[in-house]
Amino acid sequence: MRSRTLLWWGIGMLVAATLLGAAIVFGYTEPPGFDRWWNETISTYRADWMLSFALLLNQIGGGWVAIILVPLLMIAALLIARRWRAAVFAAAAFLASAGAVQLLKQLFGRARPEDMIVVSDYGSFPSGHTANAATIAVVLWLVFPRVWTALLGILWVIAMAISRTLLSVHWATDTLGGALVGAGVVLVLGAWLLPWVRGTSRREAAQASIG
């Protein structure tokens, strides 16, 4: 995919996430009807195995595991595969994604659902767990552009998003915002760094973009 295409898709996703958060926080005094409907519906179908799986994803996708362990393991795997430029790209993506999530959390300060099953930090929008899942998925897809990496990435993001609403720690639109932020940040960085990651010169990248 061309750098210009990545850039516009990334910017579009980040703008969409910001507009979504603004519309929800400043346009509604109560959560939108879809959020309330999804929260009530998914709470009706909770089962013990579903909660156990959601709690596992809660540990994997948040706290020191998501902030430190998962990025380090991914960077280490890329280094072992002798893809040090991809490792740098992944590290930058994790940092930028986490920063963007915290910026929007502080900007909007959306209240979380009242029936939370687990304790979480300040700000419901966007979902940091879902943003982190999307960051991992898109980084791997850009570094290893295969159908199977895309499919696994999509499944991973969907599973994380559902788990967050299953635990009532996020509204459904929070997870959509998180996915947009995580993917958008990586695409913007990819537009800038991917030619370097793949060993393509700036001139070749510019010619590919024009062509």
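What counts, and where the lines are drawn
- Residues numbered from 1 in each chain as written.
- Predicted model: local features only at pLDDT ≥ 70, side-chain atom pairs only at ≥ 80, totals over all residues.
- Heavy atoms only, no water.
- Helix = DSSP H or I, 4+ residues; strand = E, 2+ residues; numbered from the N terminus.
- Rg over C-alpha atoms; globule rule 2.2 N^0.38 Å.
- Salt bridge = Lys/Arg side-chain N within 4 Å of Asp/Glu carboxyl O.
- Buried < 20%, exposed > 50% of the residue type's maximum accessible area, 1.4 Å probe, protein only.
- Phe/Tyr/Trp six-rings, centres within 6.5 Å; stacked < 30°, edge-to-face > 60°.
- Expected span 1.5 Å × (residues − 1).
- Contact = heavy atoms within 4.5 Å.
- Axes fitted to C-alpha atoms, helices over the stretch in contact; angles between N-to-C directions.
- Parallel < 35°, antiparallel > 145°, perpendicular 65-115°, else oblique.
- pLDDT = per-residue confidence, 0-100.
- Core = buried A, V, L, I, M, F, W, Y, C linked by side-chain atoms within 4.5 Å.

Student: What am I meant to see in the overall build of the protein here?
Tutor: If you tally the helices and strands in the protein, you get nine helices and zero strands. What you see in the protein, going N to C, is helices and strands ordered as α-α-α-α-α-α-α-α-α. Against the globule reference of 17 Å for 211 residues, the protein gives a C-alpha radius of gyration of 18 Å, in line with a compact fold. Considering only C-alpha atoms, the protein reaches an extent of 55 × 35 × 30 Å along its principal axes.

Student: Is there a simple way to think about the pattern of salt bridges in this case?
Tutor: Two side chains that carry opposite charge are able to pair once their charged atoms sit near each other. The final tally for this structure, using the stated rule, is two salt bridges. A salt bridge links Asp35 to Arg110; the shortest N-O distance between them is 2.8 Å. Residue Asp35 is located in helix α2 (residues 33-44), and its partner Arg110 is located in the loop between α5 (84-108) and α6 (128-143); the two are separated by 75 residues in the primary sequence. Accessibility assignment for this pair places Asp35 and Arg110 in one class, buried. Of the charged contacts, one joins Asp174 and Arg110 as a salt bridge, the two residues approaching to 2.7 Å between their closest N and O atoms. You can see Asp174 sitting in helix α8 (residues 172-197) and its partner Arg110 sitting in the loop between α5 and α6, a full 64 residues away along the chain. Exposure class is identical for Asp174 and Arg110. Each is buried. Among the charged side chains, a network of salt bridges with common partners joins Asp35, Arg110 and Asp174.

Student: Explain the packing of aromatic side chains here, please?
Tutor: The description of an aromatic ring pair uses the distance of the two centres, along with the angle that the planes make with each other. Evaluation of the coordinates by the stated rule reveals five aromatic pairs. With a centroid separation of 5.9 Å and 35° between ring planes, the pair formed by Phe34 and Trp37 is classed as tilted. Pair noted here: Phe34 and Trp37 are both in helix α2, with a separation of three residues, about one helical turn. Exposure remark for Phe34: the relative accessible area of 47% places this residue in the partly exposed category. On the basis of an interplanar angle of 75° and a centroid distance of 5.7 Å, the ring pair of Phe108 and Phe125 is categorised as edge-to-face. Here the residue Phe108 occupies a position in helix α5, and Phe125 occupies one in the loop between α5 and α6, the gap between them amounting to 17 residues. We classify Phe108 as buried; its relative accessible area is 8%. A network of ring pairs unites the aromatic residues Phe26, Phe108 and Phe125 as a single cluster.

Student: Help me out: how do you make sense of α5 in this one?
Tutor: Every α-helix winds through 3.6 residues per turn, so residues three or four apart in the chain are directed the same way. Relative to the 36 Å expected for 25 residues at 1.5 Å per residue, α5 spans 36 Å between its end C-alpha atoms, a close match to the ideal helical length. Of the surrounding elements, those touching the buried residues of α5 are α1 (3-27), α4 (63-80), α6 and α8. Downstream of α5 by a residue or two, Gly109 has a phi angle that is positive, lying close to 55°.

Student: Explain the packing of α4 against α6 to me, please; I cannot follow it from the model alone.
Tutor: Between two packed helices, both the angle of their axes relative to each other and the distance between the axes serve to describe the pair. Two elements in contact, α4 and α6, have axes whose closest approach is 12 Å; the angle formed by their N-to-C orientations is 10°. With respect to their mutual orientation, α4 and α6 come out roughly parallel. Only Asn132, Ile136, Val139, Leu140 and Val143 of α6 make contact with α4, whose side of the interface consists of Ala66, Val70, Met74 and Leu78.

Student: Quick question: what am I supposed to make of the environment of Ala93 here?
Tutor: Looking at the secondary structure, you find Ala93 in helix α5. Placed 67 residues apart in sequence, Ala93 and Met160 show a C-alpha to C-alpha distance of 19 Å.

Student: Could you clarify how one ought to interpret the confidence of the model for the protein in this entry?
Tutor: Atomic detail in the predicted coordinates should be set aside for any region of low pLDDT. The predicted model of the protein averages 90 in pLDDT, with 94% of residues at 70 or higher. A low-confidence stretch, residues 201-205 stays under pLDDT 50, and its non-local contacts, those more than four residues away or across chains, total three contacts. This model gives residues 207-211 a pLDDT under 50, and the stretch forms four contacts once residues within four places in sequence are excluded.

Student: Please clarify how the nonpolar core should be interpreted in this entry.
Tutor: A general tendency of soluble globular proteins is for nonpolar side chains to be buried together. If you look at the biggest cluster of nonpolar residues, it comprises 35 residues, and the most contacted ones within it are Phe89, Val139, Leu142, Val181 and Val186. Within the residue set of this core, elements represented by two or more residues are α1, α4, α5, α6 and α8. At eleven residues, α8 tops the list of elements feeding residues into this core. Counting seven residues, the second-largest nonpolar core is a separate cluster that includes Ala133, Ala137, Met160 and Ala179.

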